[in-house]
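Residue-level structure breakdown
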Amino acid sequence: MPAGFYGNAQAVGASQDPNMEHPAIPPTNDDLSRRSFVQTGAATLLTAASWQRVLGANERIGVGFIGYGLIGKRHVLDFQEQKDADLLAVAEVHRGRRDEALAQIGGSAKGYGDFRRLLDSKNIQAVVISSPDHWHALQTMLACAAGKDVYVEKPLTLFVREGRWMIDVARQHKSIVQVGTQQRSGPHYQRARELIQQGQLGKIASVRMGSFRNIMPGFGKTADAEPPADLDWDAWLGPAPQHRYNPGRAIYHFRWFWDYSGGQMTNLAAHALDIVHWFLNVSGPTAVTSIGGRFCLQDNGETPDTQDTLLEYPGFTALWSHREASAGQVKSNGGQEFFGTKGSLIITRNGFSMVGDRKVPPENAVPQFTGAHPVGGPKTAERKGPEEFWTQNIEDKTGEAGVQLKLHVRNFLDCIRSRKEPISDLESSHRVATVCHLANISLRLGRQLRWDAMREEIIEDAEASRMLVRAYRAPWDRELKALGVG
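Our subject in this report is the structure included herewith.

Here we look at the overall build of the chain
- Looking only at helices and strands, one finds 15 helices and 16 strands in the chain.
- The proportion of buried residues among the 486 residues of the chain is 53%.
- Considering only contacts within the chain whose residues lie at least 6 apart along the sequence, 73% involve residues at least 24 apart.
- Surface exposure of the chain reaches about 21,200 Å², of which carbon and sulfur atoms provide 52%.

Set out below in structure tokens:
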């Protein structure tokens, strides 16, 4: 098994090695009352009816933000455009970013270095989580237990088992959870889904997806150092294994380290695979094979700069590829192509194109090198009338990524009021994140994995199965135990 995959290779919630360096964060009175609140399950009283009472006196929804990075800043701007949202607080472990967020929001918004203080606020009904990937699951669960509804960015989880824990906690506390796979809110994605489900492409046999760019030679090799004064490094690490600060593995660049993320497989493939699952109504593959490595980039990163993943689903296959060191001539634009027995459909955030295949008698597709086949061979059928196609051609250029982000926010706020399931629900997002994690486990172990999607188990591979879960670093393992999961 690759070294360092688990951090501390223990079951989640297990006692940590007392000789390890752990952050010493003594419980405050707020900590104790909050933990008691979680353990007694008092948050379950926040039912749909009580939410209506909360919103009855003030039709605006109080929103708090955890994390203010690339997408976190975008979310603040989009929520500011919603007339029924009050932006009340920001939690961010980088003081400079926290100050920038408060300046952007204005008014009497409050800033916190510890997100748990934000969760203590009774004026906040909804939380937007845009922290580094390794924080998404725990912060979501703690927010649900505090009686909040949650908009959490993808990738949903750092490892497979976190997803089921999130679902259990959200259901227990009756929280609405929207996941940041915003493409589902795009009208042209919804139209394309309808066309495919109506059978306009026939039987789907294959899906191809990818992302290609050239960022050679990489982001450079950086040395461990003291963290900048503005950054609370220990709070940034949170449940991840202890490691000295390094600028090459912190802000933005955390995506290239197994302790915090899963590379472009969880960062970008999650969006594409979400559309596959949504369009084709599947819950998971039966087998996963992934190959690749960090072949070219010259930096501190660990995740692959080149990766090809073949997924076997019931009745079709899907292929994801990404390259970080060669853009190639065919631009993916984060898009994907669905291949059916009647034609194909290419879709990106900007629009889609559906093209029908020509109707060709099968015998006319047999190669010919010298005119007619010798005696006894296939005979070419005579074509009569104009060319025919299996399906119509459709061009849709209405897509706009910014609109999809805004519509996703609107869907979330509407679901807070209606208590209906959001368009990017927690269950389906967990299933998609699982595929990404399985691909990375397959790559790291160098073998195919067979998957039982119903039981959510790897079949007959004990070593791979152990990689479905990781340890949380103290004291965050205690926070997990208080939630009753793990």
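What to know about the side chain of glutamate 92
- Structurally, glutamate 92 can be placed in the loop between β2 (85-91) and α4 (95-105).
- A distance of 3.0 Å separates the side chain of glutamate 92 from the backbone nitrogen of histidine 94, its partner in a polar contact.
- When near neighbours in sequence (up to four residues on either side) are disregarded, glutamate 92 contacts Gly67, Tyr68, Arg97, Arg98, Tyr112 and Gly113.

Here we look at the packing of helix α6 (residues 136-145) against helix α7 (residues 160-172)
- Interhelical geometry of α6 versus α7 gives an angle of 10° and a closest axis separation of 9 Å. Here α6 is positioned roughly parallel relative to α7, judged by the angle of their axes. Residues His136, Ala137, Thr140, Met141, Cys144 and Ala145 of α6 form the contact with α7, whose participating residues are Glu162, Trp165, Met166, Val169 and Ala170.

Digging into the pattern of salt bridges
- In this structure the tally under the stated criterion is 32 salt bridges.
- Note that arginine 410 is salt-bridged to aspartate 84, the shortest N-O span being 2.8 Å. Of this pair, arginine 410 sits in helix α12 (residues 401-418) while aspartate 84 sits in the loop between α3 (70-80) and β2, and the two are 326 residues apart along the sequence.
- With a shortest N-O distance of 3.2 Å, arginine 161 and glutamate 457 are connected by a salt bridge. A residue pair is termed long-range when its members are at least 10 positions apart, and arginine 161 in helix α7 and glutamate 457 in strand β16 (residues 457-458) qualify at 296 residues.
- A relative accessible area of 31% places glutamate 457 in the partly exposed class.

As for the sheet that holds strand β8 (residues 287-293)
- Taken together, ten strands build an open sheet; the order of strands is β14-β13-β12-β11-β7-β10-β9-β8-β15-β16 and the sheet is mixed. At either margin of the open sheet sits one strand with a lone partner, and together these are β14 (394-396) and β16.
- Across five bridges, the pairing between strand β7 (residues 204-212) and strand β11 (residues 336-340) is antiparallel. Looking across to β11, one finds that methionine 209 is bridged to glutamine 336.
- Strand contacts of helix α13 (residues 426-445): β8, β9 (306-313), β15 (449-452) and β16, with the helix running at about 55° to β8, the strand carrying the most contacts.

Some details on the packing of α7 against α13
- Between α7 and α13, the least distance of the axes is 8 Å, while the angle of their chain directions is 170°. With respect to α13, the element α7 is oriented roughly antiparallel. Packed against α7, whose contacting residues are Val160, Gly163, Arg164, Met166, Ile167, Ala170 and Arg171, the element α13 presents Leu426, Glu427, His430, Arg431, Thr434 and His437 at the interface.
- Among the residues forming the contact of α7 with α13, the class breakdown is five nonpolar, four polar and four charged.

Comments concerning the pairing of β8
- The pairing of β8 with β9 spans seven bridges and is classified as antiparallel. Looking at β9, one finds that alanine 287 is bridged to glutamate 312.
- As paired elements, β8 and β15 share two bridges and run antiparallel to each other. In the strand pairing of β15, alanine 287 is matched with arginine 450.

Describing the packing of aromatic side chains
- Under the defined criterion, the tally for this structure stands at 21 aromatic pairs.
- On the basis of an interplanar angle of 90° and a centroid distance of 5.6 Å, the ring pair of tyrosine 151 and phenylalanine 412 is categorised as edge-to-face. Linking tyrosine 151 in strand β5 (residues 149-152) with phenylalanine 412 in helix α12, this pair joins segments that are 261 residues apart in sequence.
- Classification of tyrosine 151 by relative accessible area gives buried; the value is 0%.
- Their ring planes at 75° and their centres at 5.1 Å tell us that tryptophan 236 and tyrosine 260 sit as a pair that is edge-to-face.

A word on the nonpolar core
- Counting residues in each nonpolar core, the largest one holds 46 residues, and the members touching the most others are Val207, Leu273, Phe279, Leu280 and Phe338.
- Apart from the residues within four sequence positions on either side, leucine 273 is in contact with Met209, Met265, Leu311, Tyr313, Val432, Val435 and Cys436.
- Within the second largest apolar cluster, 38 residues are counted, among which are Ile124, Ile129, Ala170 and Leu480.

Considering the pairing of β7
- Bridge analysis of β7 against strand β10 (residues 316-323) gives seven bridges, and the strand direction is parallel. Across the sheet, residue serine 206 finds its bridge partner in β10, namely threonine 317.

Digging into unusual backbone geometry
- Between lysine 154 and the following residue, proline 155, the backbone shows a cis peptide bond with an omega angle of -5°.
- In this structure, proline 155 sits in the loop between β5 and α7.
- Each neighbour pair has its own omega, and for alanine 474 with proline 475 the value is 5°, a cis peptide bond.
- Along the polypeptide, proline 475 turns up in the loop between α14 (462-466) and α15 (476-483).
- Notably, lysine 174 is not glycine yet its phi reads approximately 55°, a positive angle.

Rules behind the numbers
Residues numbered from 1 in each chain as written. Predicted model: local features only at pLDDT ≥ 70, side-chain atom pairs only at ≥ 80, totals over all residues. Heavy atoms only, no water. Helix = DSSP H or I, 4+ residues; strand = E, 2+ residues; numbered from the N terminus. Buried < 20%, exposed > 50% of the residue type's maximum accessible area, 1.4 Å probe, protein only. Contact = heavy atoms within 4.5 Å. Areas by Shrake-Rupley, 256 points an atom, 1.4 Å probe, with all protein chains shown as cover. Polar contact = N/O pair within 3.5 Å; in protein donor to acceptor, adjacent residues only side chain to side chain. Axes fitted to C-alpha atoms, helices over the stretch in contact; angles between N-to-C directions. Parallel < 35°, antiparallel > 145°, perpendicular 65-115°, else oblique. Salt bridge = Lys/Arg side-chain N within 4 Å of Asp/Glu carboxyl O. Pairing = 2+ DSSP bridges. Nonpolar A, V, L, I, M, F, W, Y, C, P; charged D, E, K, R; others polar. Phe/Tyr/Trp six-rings, centres within 6.5 Å; stacked < 30°, edge-to-face > 60°. Core = buried A, V, L, I, M, F, W, Y, C linked by side-chain atoms within 4.5 Å.

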